[in-house]
2 protein chains.
Amino acid sequence: MNTAMTFEEKIRDVKAAVGRVRTLLESRPFDSVYFVACGGSRATMYPGKYILERETSKITADNFTAREFVLAPPARFSERSIVVLNSYSGTTAETVAALRLAKDRGARTVAFTMWPDRAIGEADEVIFYEDEPSNPPPNFLTIFPAVYQVVFTILDVVEGTGWLPPVTQALEQLDGIYARERAKREQELRAFAEQYWQEPIFYTTGAGLDYQMCYIMTVCILLEAQWIHSASFHAGEFFHGPFEVVDENTPYFVTLGLDETRPMEERALEFLLRTSRKVFAVDARDFDLSGMEPRVRKWIAPVVLNRVLQMYGEALALRRAHPLSIRRYMGKMSY
Amino acid sequence: MNTAMTFEEKIRDVKAAVGRVRTLLESRPFDSVYFVACGGSRATMYPGKYILERETSKITADNFTAREFVLAPPARFSERSIVVLNSYSGTTAETVAALRLAKDRGARTVAFTMWPDRAIGEADEVIFYEDEPSNPPPNFLTIFPAVYQVVFTILDVVEGTGWLPPVTQALEQLDGIYARERAKREQELRAFAEQYWQEPIFYTTGAGLDYQMCYIMTVCILLEAQWIHSASFHAGEFFHGPFEVVDENTPYFVTLGLDETRPMEERALEFLLRTSRKVFAVDARDFDLSGMEPRVRKWIAPVVLNRVLQMYGEALALRRAHPLSIRRYMGKMSY
């Protein structure tokens, strides 16, 4: 990606790449899609498994941490598979190894990356995304819109459903939605940070796609960037073990979405409000998604939830004077 | 299950039930198997997804927390599906709802339970298991052997592989293996409890099937039965976020298995031994599985790991004077 390009030119390039992914998918039949990456990059692609699994029975979809995919691949993985990878740095060893295995097996490959000229760029099609705090791009150029465009392109190719246009239209609205969420939460963000900045542990829970947004909050923000102990549990599992540790001083983030799995989240929240004084809920019903086609809202809500959770992470980081970019091991020692 | 029956009679009954499951599977073709339950009961059936997914491409297999399966079922779920359920109490509301949905859709159903005369007993075939601390049954009568017999029966029906006899022979050896593991660890269990009984948090990590054994340790033992904060991470995800929270005082359980995913576990262990003074590893290479056919050992090792992890949980419970049976919410309030 030429860094001298304007955002508008980059957006045109991303849309052109999504078009080439459609051509790649249409070139011959496929029966399975594997979304393969590590950590937050893996969780960001979980919508691929979740949405395809619910919207089509014609193909299978799964989500793997990259090295498990390489060391113990599924028997169904073949030249009839599509392998979708995601490596922010373009060089994540496990994800690059998965790409090479996929190419050896004759599978078609699509990769998301910030750095298309690095190893991950050897995929059949590469979709560029940005995540540059010093020069923030339009949200349409970040990872979730890239993932969603590919996921709904796959669905459209398989089912002829025409999801991509309304999904793209919804994704183009994210800048405005995020700005409004930040503005209306300004006071709440400060109050949240003031209440919680000294907590040594913070749990997260959600259901459906939200569960993986909680995982991203736990793994990328709390553990990796803040060194705060954390665990994320699926809200459907919460009452089968995890809830017994809760007392009035146990901090818990709860997400509430717009899809069919919301009752699990409401049940967890209701219990937590009775048992802990430190419960913080983010509810997608508070987001203004009115400019989107109704059928896409439940799928876009988790993306907005992810960004709003991140705002609370940023508020914590500021109050704790612990920048989100500090690492003690990553890039500092070999492992 | 008649409580006046001897263990030998019960074992005969379980084997007869497994035979009826084979007949049920052979009655007409199926294309998918869903393992559906909650918490530890769900994780105990994870070998169903993991093993079938790696040993056959002829059917698909997945593992769901029960209420998500009911509220947002996969599109592939149909009358051509087998739904395998697990409810210790026989009345778990989410799992019973999944059974009813499966029957409504015309899927064939198999259920594991302690209480076959309760709601879950309406499944097409029911396999009884025991978990009675006051009168411990042979391990062959507990849940993992029941799950494994069904999983390998499915595989044998689909692929004609003949796994069930060597797997059954291996499962019948568990009593001896557990007794030897307990005896040789007697001092270590006490030393472990003495070192760790005051820790407020304990992480677990493993890969492949072991990851779900770590989940069971985290959810059923540490959180539910000991009220110790805990999170379990896949060893392949460990270096992509979770490891940044580790300092020299962070307690971590690491499992090491015998299958292809072991290198991920070894890498996590090596890092942890360099960064924390509180790392405790359980290595399946220390188990004597020599009486089993070589090809089944990697699949049986996680079952033994589960039992050995539980021994450390029991040792902690004893030292903390916090019996594993104490609950603060389950059965004490409605939620």
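So, here's what we can say about the structure. This structure is a prediction, so every number in the text was calculated from the model and none was measured.

What follows deals with the overall build of chain A. For chain A, the count of helices and strands is 11 helices and 9 strands. Against the compact-globule benchmark of 20 Å for 335 residues, chain A has a radius of gyration of 20 Å, which places it among compact chains. Expressed along its principal axes, the backbone C-alpha trace of chain A runs to roughly 55 × 40 × 40 Å. Counting over 335 residues, chain A shows a buried share of 64%. Contacts in chain A between residues at least 24 apart in sequence constitute 74% of all its contacts with a sequence separation of at least 6. Only carbon and sulfur atoms are counted for the fraction: they give 50% of the accessible area of chain A, which is about 12,000 Å². Seen as two clouds, the 38 positive and the 44 negative side-chain charges of chain A have centres 1 Å apart.

This next bit is on the interface of chain A and chain B. Contacts between the two partners involve 68 residues from chain A and, on the opposite side, 68 residues from chain B. Carbon and sulfur atoms supply 56% of the area that chain A and chain B bury against each other, a total of about 5,800 Å² over both sides. Looking at the side of chain A facing chain B, the largest losses of area belong to His-240, Glu-244 and Tyr-335 of chain A, adding up to 13% of the total buried there. Here chain A and chain B share 6 salt bridges between them. Residue Arg-42 of chain A pairs with Glu-237 of chain B through a salt bridge whose shortest N-O separation is 2.9 Å. Those elements giving two or more residues to the side of chain A that touches chain B turn out to be α2 (39-43), α3 (46-55), β2 (60-65), α4 (66-71), β6 (201-206), α9 (209-226), β7 (229-234) and α10 (262-275) of chain A. Considering each element in turn, the side of chain A that touches chain B owes the most residues, 6 residues, to α10 of chain A. Of the residues in the side of chain A that touches chain B, the class split is 31 nonpolar, 18 polar and 19 charged.

A separate point is the pairing of strand β9 (residues 279-283) of chain A. For a regular strand, side chains alternate in direction, first toward one face of the sheet and then toward the other. Residues and elements named next belong to chain A. Burial of β9 is extensive: 4 of the 5 residues sit out of reach of the surface. Alignment of strand β8 (residues 252-256) against β9, held across 5 bridges, turns out to be parallel. Of the residues in β9, the one forming a bridge with Leu-256 is Asp-283. What joins β8 to β9 is α10, and the crossover it makes is right-handed.

Turning next to the environment of Gln-198 of chain B. All names here are of chain B. On the secondary structure map, Gln-198 appears in the loop between α9 (186-196) and β6 (203-206). Note on Gln-198: relative accessible area 62%, which makes it exposed. Along the chain, Gln-198 and Arg-319 lie 121 residues apart, while their C-alpha atoms are 9.3 Å from each other.

Turning our attention to the pairing of β7 of chain A. Residues and elements named next belong to chain A. The buried fraction of β7 amounts to 6 of the 6 residues, a majority that puts the element mostly inside the structure. Here β7 shows no split at all, with His-229, Ala-231 and Phe-233 on one side and Ser-230, Ser-232 and His-234 on the other all buried. This β-α-β element, β6 to α9 to β7, shows right-handed connectivity.

Residue and element names in this part refer to chain B. Buried within α9 are the following residues: Leu-189, Phe-192, Ala-193 and Tyr-196. Across the axial projection of α9, the buried residues extend over an arc of 95°, all falling on one side. Away from its buried face by more than 90 degrees, α9 exposes Gln-187 and Arg-190. Against the buried residues of α9 lie α8 (174-184), β8 (252-256), β9 (279-283) and α12 (294-320).

This paragraph deals with the pattern of salt bridges. Residue and element names in this part refer to chain A. In the structure shown here, the tally under the stated rule is 54 salt bridges over all chains. Between Glu-188 and Arg-185 there is a salt bridge whose closest N-O contact spans 3.6 Å. Of this pair, Glu-188 and Arg-185 both sit in helix α8 (residues 174-196), 3 residues apart, which is roughly one turn of that helix. You can call Arg-185 buried: its relative accessible area is 6%.

All right, on to the relation of the copies chain A and chain B then. With an RMSD of 0.0 Å, chain A superimposes on chain B once it is rotated by 180° and translated 0.0 Å along the axis. Taken together, the rotation and translation relating the two chain copies correspond to the operation of a two-fold axis. The rotation axis passes nearest to the C-alpha of Ala-231 of chain A in chain A, at a distance of 2.4 Å. Mapped onto chain B, 100% of the interface residues of chain A are again interface residues, and the two copies thus contact each other with one and the same surface.

Residue and element names in this part refer to chain B. Examined against the element boundaries, Tyr-178 turns out to sit in helix α8. Tyr-178 sits in the buried class, given a relative accessible area of 8%. When the C-alpha positions of Tyr-178 and Thr-142 are compared, they lie 13 Å apart, and in sequence the two are 36 residues distant. Apart from the residues within four sequence positions on either side, Tyr-178 is in contact with Asn-139, Val-303, Val-304, Arg-307 and Met-311.

In terms of nonpolar packing, the biggest core is built from 208 residues, with Phe-112, Tyr-148 and Ile-154 of chain A together with Phe-112, Tyr-148 and Ile-154 of chain B touching the most fellow members. Apart from the residues within four sequence positions on either side, Phe-112 of chain A is in contact with Met-45, Val-84, Leu-85, Asn-86, Ser-87, Ile-127, Tyr-129, Ile-143, Ala-146, Val-147 and Val-150 of chain A.

Right, let's talk about the sheet that holds strand β3 (residues 81-87) of chain B for a bit. Residue and element names in this part refer to chain B. If you trace the 5 strands from one edge of the open sheet to the other, you get β2-β1-β3-β4-β5, paired in parallel fashion. The two strands at the open ends of the sheet, each matched to only one other strand, are β2 (60-65) and β5 (125-128). Pairwise comparison of adjacent strand axes, ignoring direction, gives a mean angle of 15° for this sheet. By the bridge criterion, 6 bridges tie strand β1 (residues 32-37) to β2 in an arrangement that is parallel. In the strand pairing of β2, Val-33 is matched with Ala-61. Each of β1, β3 and β4 (108-113) touches helix α5 (residues 93-104); the most contacted strand, β3, lies at about 160° to it.

Residues and elements named next belong to chain B. Between helix α6 (residues 143-159) and helix α7 (residues 164-171), the shortest axis-to-axis distance is 9 Å and the interhelical angle comes to 170°. Accordingly, the angle class assigned to the pair α6 and α7 is roughly antiparallel. Contacts between α6 and α7 involve Pro-145, Tyr-148, Gln-149, Phe-152, Thr-153 and Asp-156 from the first element and Leu-164, Pro-165, Val-167, Thr-168 and Leu-171 from the second. Each residue belonging to the contact of α6 with α7 can be placed in one class, and the counts come to 7 nonpolar, 3 polar and 1 charged.

Residue and element names in this part refer to chain A. Pairing within the open sheet is parallel, and its 5 strands lie in the order β2-β1-β3-β4-β5. Of all strands in the sheet, those with a lone pairing partner are β2 and β5 (125-128), marking the two edges. Taken pair by pair, the neighbouring strands of this sheet meet at an average axis angle of 15°, ignoring direction. Pairing of strand β4 (residues 108-113) with β5 involves 4 bridges; the strand directions are parallel. Residue pairing for β5: Thr-113 is matched across the bridge by Phe-128. Along the sheet, helix α1 (residues 7-26) contacts β3 (81-87), β4 and β5; its crossing angle with β5, the most-contacted strand, is approximately 155°.

How each quantity is defined
- Residues numbered from 1 in each chain as written.
- Chains lettered and ligands numbered in written order.
- Predicted model: local features only at pLDDT ≥ 70, side-chain atom pairs only at ≥ 80, totals over all residues.
- Heavy atoms only, no water.
- Helix = DSSP H or I, 4+ residues; strand = E, 2+ residues; numbered from the N terminus.
- Rg over C-alpha atoms; globule rule 2.2 N^0.38 Å.
- Buried < 20%, exposed > 50% of the residue type's maximum accessible area, 1.4 Å probe, protein only.
- Contact = heavy atoms within 4.5 Å.
- Areas by Shrake-Rupley, 256 points an atom, 1.4 Å probe, with all protein chains shown as cover.
- Lys, Arg positive; Asp, Glu negative; His and termini not counted.
- Charge placed at Lys NZ, Arg CZ, Asp CG, Glu CD.
- Buried area = accessible area lost by both parts, 1.4 Å probe.
- Salt bridge = Lys/Arg side-chain N within 4 Å of Asp/Glu carboxyl O.
- Nonpolar A, V, L, I, M, F, W, Y, C, P; charged D, E, K, R; others polar.
- Pairing = 2+ DSSP bridges.
- Right-handed = clockwise from strand over helix to strand, strands pointing away.
- Arc of directions from axis to C-beta.
- Least-squares fit on C-alpha atoms with pLDDT ≥ 70 in both.
- Core = buried A, V, L, I, M, F, W, Y, C linked by side-chain atoms within 4.5 Å.
- Axes fitted to C-alpha atoms, helices over the stretch in contact; angles between N-to-C directions.
- Parallel < 35°, antiparallel > 145°, perpendicular 65-115°, else oblique.

Structural measurements only, silent on function.
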